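Structural features, examined
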Amino acid sequence: RARSPAPLPPAVGHAVLAINGLEVNGRFTADGRDVLEYLSSAANFPVAIRFGRPRLSSYEKLMLASMFHSLFAIGSQLSPEPGSSGIEMLETDTFKLHCYQTLTGIKFVVLADPRQAGIDSLLRKIYEIYSDFALKNPFYSLEMPIRCELFDQHLKLALEVAEKAGPFGPGL
Amino acid sequence: MSRPANRRSENPKIDWHLPTISSSASAHHMSRELFVLTYGALVAQLCKDYEQDEDVNKSLDDMGYSIGVRLVEDFLARSALKKCRSYSETADIIAQGAFQMYLGVTPSVTCTNAKRNEFSLILDKNPLVDFVEELPAARSSLCYCSLLCGAIRGALEAVNLAAEVTFIQDPLKGDEATEIGITFLKKVEDKKKKRNK
């Protein structure tokens, strides 16, 4: 997932993501303090507030993913060329959605900046990370959300490599 | 069954350097002896747990199935394989790709019927029975390598190919070589893979 810097002043639909580096969830900071109280206390000045599109909840992600799953299937059936795959890339002005479907039916979806290159190799790398740290974890059950620390760590590393490489792609 | 990576031991290691599509993909290192011994311990424990040979066989087969379903992803992630266009191509990939990658041996493949959906994988030397000469007298119908059959069956099912996998020849039962028979059954689902895992 690519994060673009928040525009100033905050745009419609944006919410507070962090204050002074502390993550914010709704009205409360990550360590349980009320946001408005924090902002009104002079001891915390100067405040650096980060605005942005609010993160999707798990439920929203599930819903959007299942919608995409249907669109993916429809795409391959609507295609005039026989034997087409499903949607591999969806391009808009502000982002590109890349999808890689494995031979076993699993789809990896990456949302990135339109100028970001190297997403194909990133998708393959994510497949490897999934097979190493999710599937080989004996406590992970198939088709459940992945809550494996090692998976998160390695995924974060791979994303950092891809992001740093920017429009030229990672040197993987 | 866990496969420890990067385990140091005095035993000769087999470096199964996997075909990679990304240069950062890791190579699996494992001591073959450790794996074979672990497998033997697993079978021995199951024999203690179950009286009937059929139960042990079924248990091994189920375990193999769970392994196969996950292992196939590792195999596909590390090799740049495209979808196979025929059953014989699939059988070849299993023998030359998967067996080579995970057990370090390559069985030979023959097609055993005219419809081209039954295949035999023949191994002169089965690494799993390196330390076993013959089955104990009380366990004559034990299928020692059932796990392999289950794994192949699980892996094929994960890519939407229904198959029956059995042992046709077993050196522990007096045969010369190890022969695994794979029979591809008619696909139940549509050819397009739409399963969201």
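Structure first, text after, so check above.
First, a word on scope: everything that follows refers to the structure included in this document. Note that this is a predicted model, so its numbers are computed, not measured. (Residues numbered from 1 in each chain as written. Chains lettered and ligands numbered in written order. Predicted model: local features only at pLDDT ≥ 70, side-chain atom pairs only at ≥ 80, totals over all residues. Heavy atoms only, no water.)

1. Overview of the overall build of chain B
Under the convention used in this document: Strands here are runs of E lasting at least two residues and helices are runs of H or I lasting at least four, both read from the DSSP assignment and numbered beginning at the N terminus. The buried label goes to any residue with under 20% of its type's maximum accessible area, the exposed label to any with over 50%, and the partly exposed label to all in between, with areas taken from a 1.4 Å probe on protein chains only. Every residue pair with non-hydrogen atoms within 4.5 Å of one another is taken to be in contact.
Counting secondary structure elements, chain B contains 4 helices and 6 strands. Scored against the burial criterion, the 197 residues of chain B give a buried share of 44%. A separation of at least 24 residues holds for 60% of the contacts in chain B among residues at least 6 apart in sequence.

2. Let's talk about the packing of helix α3 (residues 119-134) of chain A against helix α2 (residues 53-78) of chain B
What describes two packed helices is the angle between their axes and the distance between those same axes. Applicable threshold: Throughout, an axis means a line fitted to C-alpha atoms (over the contacting stretch in the case of helices), and angles, computed between N-to-C directions, take values from 0 to 180 degrees. For a crossing to be left-handed, the near helix must be turned anticlockwise from the far one by less than a right angle; the clockwise case is right-handed. Three residue categories are used. Nonpolar comprises Ala, Val, Leu, Ile, Met, Phe, Trp, Tyr, Cys and Pro, charged comprises Asp, Glu, Lys and Arg, and polar comprises the others, including Gly.
α2 of chain B packs onto α3 of chain A with a crossing angle of 150° between their chain directions and a minimal axis gap of 9 Å. At the point where α3 of chain A passes α2 of chain B, the crossing takes the left-handed sense. Residues Tyr-127, Glu-128, Tyr-130, Ser-131, Asp-132 and Ala-134 of chain A of α3 of chain A form the contact with α2 of chain B, whose own contacting residues are Arg-70, Glu-73, Asp-74, Leu-76, Ala-77 and Arg-78 of chain B. Residues of the contact of α3 of chain A with α2 of chain B, tallied by class, amount to 5 nonpolar, 1 polar and 6 charged.

3. Looking at the sheet that holds strand β5 (residues 89-91) of chain A
All names here are of chain A. This is how the line gets drawn: When DSSP locates at least two bridges between a pair of strands, those strands are taken to pair.
Ordered in space as β5-β6-β7, the 3 strands form an open sheet in which the pairing is antiparallel. A strand with exactly one partner marks an edge of an open sheet, and here the two such strands are β5 and β7 (107-112). Shown here is a sheet whose adjacent strand axes are inclined to one another by a mean of 10°, direction ignored. Bridge count for β5 against strand β6 (residues 96-101) is 3 bridges, and the pairing is antiparallel. If you follow Met-89 over to β6, its bridge partner there is His-98. Sheet contacts for helix α2 (residues 58-78): β6 and β7; angle to β6, the most-contacted strand, approximately 70°. Along the sheet, α3 contacts β6 and β7; its crossing angle with β7, the most-contacted strand, is approximately 135°.

4. Structural notes on the pairing of strand β6 (residues 178-184) of chain B
All names here are of chain B. Within β6, 6 of the 7 residues are buried, which leaves the element mostly enclosed by the surrounding structure. Across 6 bridges, the pairing between strand β4 (residues 118-123) and β6 is antiparallel. Within β6, the position partnered with Glu-118 by the bridge is Thr-183. Inspection of the sheet shows strand β5 (residues 163-169) paired to β6 by 6 bridges, in the antiparallel sense. Bridging across to β6, Val-165 finds its partner in Ile-182.

5. Brief notes about the nonpolar core
Rules: Only buried residues count toward a nonpolar core. Its members are Ala, Val, Leu, Ile, Met, Phe, Trp, Tyr and Cys residues joined through side-chain atoms within 4.5 Å.
In terms of nonpolar packing, the biggest core is built from 67 residues, with Tyr-130 of chain A together with Phe-99 and Ile-182 of chain B touching the most fellow members. Ignoring any residue separated from it by four or fewer positions in sequence, one finds Phe-99 of chain B in contact with Ile-94, Gly-104, Val-105, Pro-107, Leu-121, Leu-123, Leu-148, Ile-152 and Ile-180 of chain B.

6. Section: the packing of aromatic side chains
The criterion, for reference: For Phe, Tyr and Trp, rings pair up if their centres lie within 6.5 Å, where Trp contributes its six-membered ring, and each pair is then called stacked (planes under 30 degrees apart), edge-to-face (over 60) or tilted (otherwise).
One pass over the structure, following the stated rule, counts 8 aromatic pairs over all chains. Seen in terms of ring centroids, Phe-108 of chain A and Tyr-130 of chain A are 5.6 Å apart; in terms of plane orientation they differ by 70°. Their pairing is edge-to-face. On the criterion of sequence distance, the pair formed by Phe-108 of chain A in strand β7 and Tyr-130 of chain A in helix α3 is long-range, its members being 22 residues apart. For Phe-108 of chain A, a relative accessible area of 10% corresponds to the buried category. When its relative accessible area of 5% is taken as the criterion, Tyr-130 of chain A is described as buried. Pairing Tyr-87 of chain B with Phe-184 of chain B gives two aromatic rings, centres 4.5 Å apart and planes at 5°, and the pair type is stacked. Here the residue Tyr-87 of chain B occupies a position in helix α3 (residues 87-103), and Phe-184 of chain B occupies one in strand β6, the gap between them amounting to 97 residues.

7. What about the packing of α2 of chain B against helix α4 (residues 146-158) of chain B?
Residues and elements named next belong to chain B. Applicable threshold: Any angle between 65 and 115 degrees counts as roughly perpendicular, while under 35 counts as roughly parallel, over 145 as roughly antiparallel, and the rest as oblique.
Two elements in contact, α2 and α4, have axes whose closest approach is 6 Å; the angle formed by their N-to-C orientations is 40°. Of the possible angle classes, the one that applies to α2 and α4 is oblique. Remark: the crossing between α2 and α4 carries right-handed chirality. When α2 is examined against α4, the residues Asn-57, Leu-60, Asp-61, Met-63, Gly-64, Tyr-65, Ile-67, Gly-68, Val-69 and Val-72 are found in contact with a partner set consisting of Ser-146, Leu-147, Cys-149, Gly-150, Ala-151, Arg-153, Gly-154, Ala-155, Glu-157 and Ala-158.

8. Concerning the environment of Met-101 of chain B
Along the chain, Met-101 of chain B falls in helix α3. A sequence separation of 46 residues divides Met-101 of chain B from Leu-147 of chain B, and the C-alpha atoms of the two residues are 17 Å apart.

9. Looking at a nonpolar patch on the surface
All names here are of chain A. This is how the line gets drawn: Exposure above 30% relative accessible area and the lack of any salt bridge qualify a residue for a patch; like charges then connect within 9 Å, and the nonpolar side chains Val, Leu, Ile, Met, Phe, Trp and Tyr within 5 Å. Using a 1.4 Å probe, accessible areas were evaluated by the Shrake-Rupley method; residue-level cover was limited to the displayed protein chains. What makes a salt bridge here is a side-chain nitrogen of Lys or Arg within 4 Å of a carboxyl oxygen of Asp or Glu, nothing more.
A cluster of nonpolar side chains, Leu-56, Tyr-59, Met-63, Leu-64 and Met-67, forms an exposed patch at the surface whose accessible area comes to about 500 Å². Take Leu-64: it is sitting in helix α2. Accessibility expressed as a relative area gives 42% for Leu-64, which makes it partly exposed.

10. What to know about the sheet that holds strand β3 (residues 28-29) of chain A
Within a sheet, adjacent strands bond to each other through the backbone by hydrogen bonds, running parallel or antiparallel. Residues and elements named next belong to chain A. On the basis of which strands lie adjacent, the open sheet formed by 4 strands has the order β3-β2-β1-β4 and antiparallel pairing. In this open sheet, the two edge strands, each paired with only one partner strand, are β3 and β4 (49-52). Across 2 bridges, the pairing between strand β2 (residues 22-25) and β3 is antiparallel. Following the sheet pairing, Val-24 is matched in β3 by Thr-29.

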